[in-house]
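Inside the fold
The chain contents come next:
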Amino acid sequence: MAQMNVSLPEGLKSWAEARVAEGRYSSTSDYVRDLVRRDQDDALKLNALRAAIDDGLASGLSERDPFDYLETLRAELRTADAA
């Protein structure tokens, strides 16, 4: 495993150590690894959201009446709930 040294202000160091003391993490390194993994997951989700927004914008305006569409969705939910 590669090593990385990180300098933190005392307040952040204390925070990380407190998280470890709570028992969820075995070490501050474990805590930092978890933060990096979560950041990776968040970045993937954000990229997927941005792609979906781009797709939606590129699709143009819908000619459907939004209230009719909403009623269609509600009917589908009622059908799914009844099943």
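As shown above, the structure is provided for reference.
About the cut-offs
Residues numbered from 1 in each chain as written. Predicted model: local features only at pLDDT ≥ 70, side-chain atom pairs only at ≥ 80, totals over all residues. Heavy atoms only, no water. Salt bridge = Lys/Arg side-chain N within 4 Å of Asp/Glu carboxyl O. Helix = DSSP H or I, 4+ residues; strand = E, 2+ residues; numbered from the N terminus. Buried < 20%, exposed > 50% of the residue type's maximum accessible area, 1.4 Å probe, protein only.

Attention now goes to the pattern of salt bridges. Evaluated as defined, the whole model comprises four salt bridges. The closest approach of N and O atoms between Lys13 and Glu17, which form a salt bridge, is 2.8 Å. Here Lys13 pairs with Glu17, and both are found in helix H1 (residues 10-21), just four residues apart, close to one helical turn. A salt bridge links Arg78 to Glu71; the shortest N-O distance between them is 2.9 Å. Relative accessible area serves as the criterion here: at 37%, Glu71 is assigned to the partly exposed category.

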